[in-house]
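A look at the structure
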Amino acid sequence: MSLQELELTARKAWIVAVEVPATTVLAYGFFMVAAYLIARSIYLLALHPLARFPGPKVAAVSDIWYAYHWLTGRYPWAIEAVVKKYGDVVRIAPNELVFMTPAAFGDIHGTVVRGCEVFIKTKFQDVDTPEPGLTAERDPERHKGLRKQILPAFGGKALHGVELLLYRHVDSFIAQLKEHGTKAEKGIEITKWIDWLTWDFAGDVGYSCEFDQVKNMKYSINLSSFLDLAPWGTINQISRRFPLIRPLIWFIIPSKIARTLSVALKHNREEVRRRVRDRKALQHGDYFERLVPTDGLVPSEEWLLATANVFISAGYDTMANHLAALLYFLCVNEEKYKRITEEIRGAFTDYSQITLEQLQTLPYLQAVIDETLRCHNNCSFGMPRVSPGATVDGTFVPKGVVVQTCNFARMHSEKYFKNARKYQPERHLPKTHPLYDPEYSEDVKEAFNPFSQGPRGCPGVAITYMEAKIFLARFLWTFDVELINKKEIDWERDIRVFTIWVRPEMYVKLSCRQMGSATSSEGNRHNV
């Protein structure tokens with residue numbers, strides 16, 4: 001064919017294209033998209049390596065099911081519903097499985113080779129910062145090194161320093177409530193006070209940052225920003241599954257929140273710089289001691305900033321939810337409230353006697369904390385990992401498939417816990433205890449694992465129990481507590497999770513027992 005003939009053919013094709021109606025072009029485009037979606041759906045439902053696993057059909061062909069339930073704030077309940085319906089292994093996304101059993105939990109999170117996890121962390125917790133921080137670090141070798149570096153801060157002699165600092169914060173909290181909380185005729189909203197306490201303590205013990213929220217009785221800009229951005233955190237992790245729309249998420253952050261966040265981040269950076277500058281003149285020990293030597297090489301500012309954010313967010317979120325849940329479950333279960341107050345008040349004749357060492361001898365206090373961790377567990381988001389091509393509880397999972405667990409569903413399952421929806425601390429008591437209830441002797445203890453395990457298991461388990469015991473014992477020794485709006489709220493019905501848990505407001509009436517004195521406490525008698 002000559003050049004002239006080619007040119008003539010091209011012109012004819014162009015004329016035909018121009019003459020094709022727009023509706024025909026749209027119809028053709030629609031047909032092509034529909035054909036692709038149908039072919040993809042057939043592949044995902046019939047030919048994909050996960051096609052043999054049960055689950056919602058819409059979840060098998062799209063991430064829409066996953067995204068919808070996260071956006072409702074009820075993702076853990078959605079997972080609980082599908083494992084009840086489909087069994088212990090369920091397909092919840094085109095390339096993702098959720099596992100129910102304790103054995104699966106151990107296989108996913110406890111399988112270790114040379115000190116590193118085998119199932120690698122996903123991008124679930126990434127926040128697109130220069131440094132990811134300890135919790136979001138996906139490189140197993142780097143994570144192992146970072147964890148080894150900070151572990152001494154959570155045990156041994158360091159733990160005693162944390163204890164003394166905690167006394168000071170709890171005592172200030174109780175003193176403020178004595179002054180302002182007992183005079184409120186309509187009660188006080190206690191969850192915000194718990195927010196202030198736990199954020200103050202997390203910042204102080206993490207990197208000697210004093211937010212003084214309990215003292216000032218108002219939210220700091222840092223905590224306000226953290227809470228305001230919770231829904232955005234969910235949108236951030238969901239949008240990774242929809243790359244075409246991900247660039248748009250930056251436009252949905254309200255300008256006011258963006259400005260507040262900018263100020264909060266600037267403040268936090270200044271505090272990290274201050275902590276590095278004052279490393280030779282600290283008022284008390286903190287976690288940063290292990291990271292910022294008084295002499296020697298200081299890590300990069302971005303890394304320290306990411307680590308500070310991990311310390312404060314993990315320290316705050318876990319304890320704020322747990323302490324609020326403790327008070328809620330005790331206040332709506334009068335018999336349990338009576339038992340724990342009798343144990344605490346019967347063990348001490350003066351406030352200053354309430355120390356961690358003495359609290360270790362109170363079995364019902366331990367049982368109350370464990371039952372609260374079962375009924376409300378912070379790690380209810382699945383903790384997704386990438387399979388290396390391995391067997392999970394007898395089921396082979398191909399390489400590259402995302403797997404996750406379901407703490408919420410497991411710890412609320414009648415398969416593992418009798419009367420799983422009831423708050424029963426007695427199930428955790430030793431058999432020799434007079435309040436032990438043999439009705440719960442068949443509970444599967446292996447199903448209770450609120451702190452994960454393996455290389456990424458929570459390093460702060462001892463501190464979590466310390467905070468809960470000291471807070472609850474000193475609080476209930478000092479105050480009689482009544483939940484005023486207990487008929488209007490229901491913890492499980494009203495709570496939501498958007499990156500962090502969003503709790504219902506709890507209005508309590510506090511009556512001071514007028515016994516002992518917070519000012520004579522162990523914390524105040526020591527230089528912290």
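What counts, and where the lines are drawn
Residues numbered from 1 in each chain as written. Predicted model: local features only at pLDDT ≥ 70, side-chain atom pairs only at ≥ 80, totals over all residues. Heavy atoms only, no water. Helix = DSSP H or I, 4+ residues; strand = E, 2+ residues; numbered from the N terminus. Buried < 20%, exposed > 50% of the residue type's maximum accessible area, 1.4 Å probe, protein only. Contact = heavy atoms within 4.5 Å. Areas by Shrake-Rupley, 256 points an atom, 1.4 Å probe, with all protein chains shown as cover. Lys, Arg positive; Asp, Glu negative; His and termini not counted. Charge placed at Lys NZ, Arg CZ, Asp CG, Glu CD. Domains from an automatic or database assignment. Salt bridge = Lys/Arg side-chain N within 4 Å of Asp/Glu carboxyl O.

**A look at the overall build of the protein chain**
- Scanning the protein chain from terminus to terminus reveals 20 helices and 14 strands.
- Structurally, the protein chain occupies a C-alpha span of about 105 × 55 × 55 Å along its principal axes.
- The burial tally for the protein chain puts 51% of its 528 residues in the buried class.
- Taking all contacts inside the protein chain whose residues are at least 6 apart in sequence as the whole, residues at least 24 apart take part in 73%.
- Counting only carbon and sulfur atoms, one obtains 58% of the accessible surface of the protein chain, whose full area is about 24,900 Å².
- Looking at the protein chain, you have 65 positive and 60 negative side-chain charges, and the mean spots of the two groups are 3 Å apart.

**A word on the domain arrangement of the protein chain**
- Split into domains, the protein chain comes out as domain 1 (3-45) and domain 2 (129-382 + 428-512).
- Centre-to-centre, using C-alpha coordinates, domain 1 lies 58 Å away from domain 2.

**Details of the pattern of salt bridges**
- According to the stated counting rule, one finds 32 salt bridges in the structure shown.
- The residue Arg241 makes a salt bridge to Glu96 at a minimum N-O spacing of 2.6 Å. Remark: Glu96 occurs in strand 2 (residues 96-99) and Arg241 occurs in the loop between helix 12 (230-239) and helix 13 (255-277); sequence separation between them is 145 residues.
- We classify Arg241 as partly exposed; its relative accessible area is 23%.
- Residues Arg474 and Asp171 are paired through a salt bridge, measuring 2.8 Å at the closest nitrogen-oxygen approach.

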